[in-house]
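Architecture and fold: a report
Spelled out from the first residue to the last, the chains are:
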Amino acid sequence: MFRTTLRAAVRRSLNDVRHIRPVPPDRARGEVALLYERVERDFGVLAPPVALLSPASECAAATWTALRESLLVPGSTERTDREAVAVSVSRDNACPYCVDVHGATLGSLGGTAGGGDGLRLLAAAADDPVRHAELGAVALTFQHINRLVNVFLPDSPLPAFAPRAVRGVLLRATGGVIAAPPGPALAPDTSLALLPERARHAPVPEDLGWAAGAPRVLRALAGVTAALDAVGERALSDTTRVLVHGHLREHGSGPAGIDRSWLEEAVLGLSPHERPLGRLALLTARASFQVGDDVVAACREAGADDATLVRTVSWAAMAAARHTTGRMFDGFHEPLHPPSPTDTERNET
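Residue numbers run consecutively from 1 along every chain, following the written order of its sequence. It should be noted that, the model being predicted, local features are given only for residues of pLDDT at least 70 and side-chain atom pairs only at 80 or more, the latter also being counted only at that level, while totals for whole chains, interfaces and linings use all residues. To get the side-chain values, take all heavy atoms of the structure and skip hydrogens and water.

**Some thoughts on the overall build of the chain**
When you go through the chain residue by residue, the secondary structure sums to 17 helices and zero strands. Computed over its C-alpha atoms, the radius of gyration of the chain comes to 19 Å, within 12% of the 20 Å expected for a compact globule of 349 residues. Based on the C-alpha atoms only, the size of the chain along its principal axes is roughly 55 × 50 × 40 Å. In the chain, of all internal contacts separated by at least 6 residues, the share reaching a separation of at least 24 is 77%. Here Asp and Glu are counted as negative and Lys and Arg as positive; His is not counted, and neither are the chain ends. Taken as the charge centre is NZ of Lys, CZ of Arg, CG of Asp or CD of Glu, depending on the residue. When the 36 basic and 40 acidic side-chain charges of the chain are each reduced to a single mean position, those positions are 5 Å apart. Put simply, DSSP H or I for four residues or longer makes a helix, DSSP E for two residues or longer makes a strand, and each gets a number counted from the N terminus. A radius of gyration in this sense is built from C-alpha atoms; the matching globule rule multiplies 2.2 Å by the number of residues raised to 0.38. Whether two residues touch is decided by their heavy atoms; if any such pair falls within 4.5 Å, the residues are in contact.

What follows is the structure in structure tokens.
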């Protein structure tokens, strides 16, 4: 009974998404309907950080693939360890929404809801390539998701009207549903079928070399990053994407301060027409919590629709996630080999 009620409440919470309008579940068709069904089945609820991206369904599919294959599919690491990494990364990125959700999930799994040891677990896995890859994939995924959530979702997964006295109870109950969705353990790789064919067969980028110890994980991340690279090419000019990458290399992905004074100088190399989306991409990458109505309104005035906003934020979030995770794992790169085909693909051939 509670699971049904929670699913309905989470679906309604899509009305709280900022700046864009996700596809309502009762109006979802085709690829979006299939994605919604799989997310709700495997995650327990229709995860808002995935569903909010539905105006550009390829972004939603890529984010879901990263989340499912890194966090939910069983591997050499315990789910508690993976959730602890999710909580620690989310706290470092000042994403209270994800801290609440995954802290509650971690508590339901028997871990410490604060998840304070997540990054320690990641560091301790450096001598074990498989654990290192699996936990690193969670870190990359949440570097990406935290930025999406900070741009598009409120600070809490609970409605503002929920009384303070029951908020803890509601969070724990939500965490219990996410920690133990009904059905058998999830089979690996099934979400990759949601990605474009070109992304599924994309070469592995060198910056993901730290994941080579777990070919299944590497395969999923290669597909996800290829899909999001493609949406970046669709939404942003070459000049804008080059600027963002260069800015990350020079300044890193951390916030530049409490204001946005750095931003105007950073976009001077762009044409006036490119600057609105350039600002959105740079803020998403470095200070996602500073994306405000004014930034989005300027993008709208330049002609951006919901799909363009989603693609811009999704690409920039993953660009920053790859940069941050790559620096975290600098010096830890296994020799790269093409990931092996999945059992499904073997059977098809």
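**Observations concerning the packing of aromatic side chains**
Stacked, tilted and edge-to-face are the three classes applied to pairs of Phe, Tyr and Trp rings, where Trp contributes its six-membered ring and a pair requires centres within 6.5 Å; stacked means planes under 30 degrees apart, edge-to-face means over 60, and tilted covers the rest. Evaluation of the coordinates by the stated rule reveals one aromatic pair. Whether a charge sits over a ring comes down to the Lys NZ or Arg CZ being within 6 Å of the ring centre and within 35 degrees of the ring normal. Its end group placed over the ring of Trp262, Arg286 keeps NZ or CZ at 5.0 Å from the ring centre.

**Concerning the environment of Glu58**
Tracing the sequence through the fold places Glu58 in helix H4 (residues 57-72). Between buried and exposed lies partly exposed: a residue is buried under 20% and exposed over 50% of the maximum accessible area for its type, with that area taken using a 1.4 Å probe on protein chains only. Looking at Glu58, the relative accessible area reads 19%, which means it is buried. Sequence separation between Glu58 and Val17 is 41 residues; the distance between their C-alpha atoms is 18 Å. In protein, a polar contact means a hydrogen-donor-capable atom and an acceptor-capable atom, both N or O and within 3.5 Å, with residues adjacent in sequence counting only if both atoms are side-chain atoms; elsewhere, any N or O pair within 3.5 Å suffices. At 2.7 Å, the side chain of Glu58 and the side chain of Arg311 are in polar contact.

**A few points about helix H2 (residues 30-43)**
Each turn of an α-helix holds 3.6 residues, which means side chains three or four residues apart point in the same direction. Taking 1.5 Å per residue, 14 residues should reach 20 Å; H2 reaches 20 Å between its end C-alpha atoms and fits that length. When we look at burial in H2, the residues that qualify are Val32, Leu35, Tyr36, Val39, Glu40, Asp42 and Phe43. On its buried side, H2 packs onto helix H1 (2-12), helix H3 (48-51), H4, helix H6 (96-108) and helix H9 (164-179). Every helix has an expected span of 1.5 Å times one less than the residues it contains.

**Remarks on the pattern of salt bridges**
A pair is scored as a salt bridge if a Lys or Arg side-chain nitrogen falls within 4 Å of a carboxyl oxygen belonging to Asp or Glu. Scanning all chains against the criterion turns up 16 salt bridges. The partner of Arg234 in a salt bridge is Glu58, with the nearest N and O atoms 3.8 Å apart. Highlighted residues: Arg234 in helix H11 (residues 215-235) and Glu58 in helix H4, separated in sequence by 176 residues. Here Asp294 ties to Arg260 by a salt bridge, and the two come within 2.5 Å at their closest N and O atoms. Of the two residues, Asp294 is situated in helix H15 (residues 293-301) and Arg260 in the loop between helix H12 (238-251) and helix H13 (261-266); the sequence distance between them amounts to 34 residues.

**Quick look at the packing of H12 against helix H14 (residues 275-287)**
Angles here are taken between N-to-C directions and fall from 0 to 180 degrees, while the axes themselves are lines fitted to C-alpha atoms, restricted in helices to the stretch in contact. With their axes 10 Å apart at the nearest point, H12 and H14 run at an angle of 30° to one another. It follows from the interaxial angle that H12 and H14 lie roughly parallel. Both H12 and H14 take part in a crossing whose hand is right-handed. Counted together, Thr240, Leu243, Val244, His247, Leu248 and His251 of H12 and Gly278, Ala281, Leu282, Ala285 and Arg286 of H14 form the full contact between these two elements. For classification purposes, an angle smaller than 35 degrees is called roughly parallel, one larger than 145 roughly antiparallel, one from 65 to 115 roughly perpendicular, and anything else oblique. Left-handed describes a crossing whose near helix is turned anticlockwise from the far helix through less than a right angle; right-handed describes the clockwise counterpart.

**Brief notes about the side chain of Ser191**
Along the chain, Ser191 turns up in the loop between H9 and helix H10 (197-200). With a relative accessible area of 1%, Ser191 lands in the buried category. Those residues in contact with Ser191 that sit more than four places away from it in its chain are Trp64, Thr65, Arg68 and Glu69.

**So, the nonpolar core**
The criterion is simple. A nonpolar core is a set of buried Ala, Val, Leu, Ile, Met, Phe, Trp, Tyr and Cys residues joined through side-chain atoms within 4.5 Å. By size, the foremost hydrophobic cluster in this structure holds 111 residues, and its most contacted members are Phe43 and Trp64. No other element matches helix H8 (residues 129-152), which puts twelve residues into this core.

**Structural notes on unusual backbone geometry**
Within the chain, His19 stands out as a residue other than glycine whose phi angle is a positive 75°. Within the fold, His19 resides in the loop between H1 and H2. Since its relative accessible area comes to 19%, His19 is described here as buried. Located in the positive-phi region is Ala94, a residue other than glycine, with phi close to 50°. Residue Ala94 is classed as partly exposed on the basis of its relative accessible area of 44%.

**Brief notes about the environment of Asp305**
On the secondary structure map, Asp305 appears in the loop between H15 and helix H16 (306-328). Separated by 118 residues in sequence, Asp305 and Ala187 place their C-alpha atoms 36 Å apart. Of note is the side chain of Asp305, whose polar atom sits 2.9 Å from the backbone nitrogen of Thr308.

**Points about a nonpolar patch on the surface**
A residue counts toward a patch only above 30% relative accessible area and without a salt bridge, and it is joined to like-charged neighbours within 9 Å or, for Val, Leu, Ile, Met, Phe, Trp and Tyr, to nonpolar neighbours within 5 Å. The method behind every accessible area is Shrake-Rupley, applied with a 1.4 Å probe, and residues are considered shielded solely by the protein chains displayed. A grouping of Phe2, Val166, Val169 and Leu170 is seen on the molecular surface, where their side chains present a nonpolar patch of about 300 Å² in accessible area. With three residues, H9 is the largest single contributor of residues to the nonpolar patch. Locating Phe2 in the fold gives a position in helix H1.

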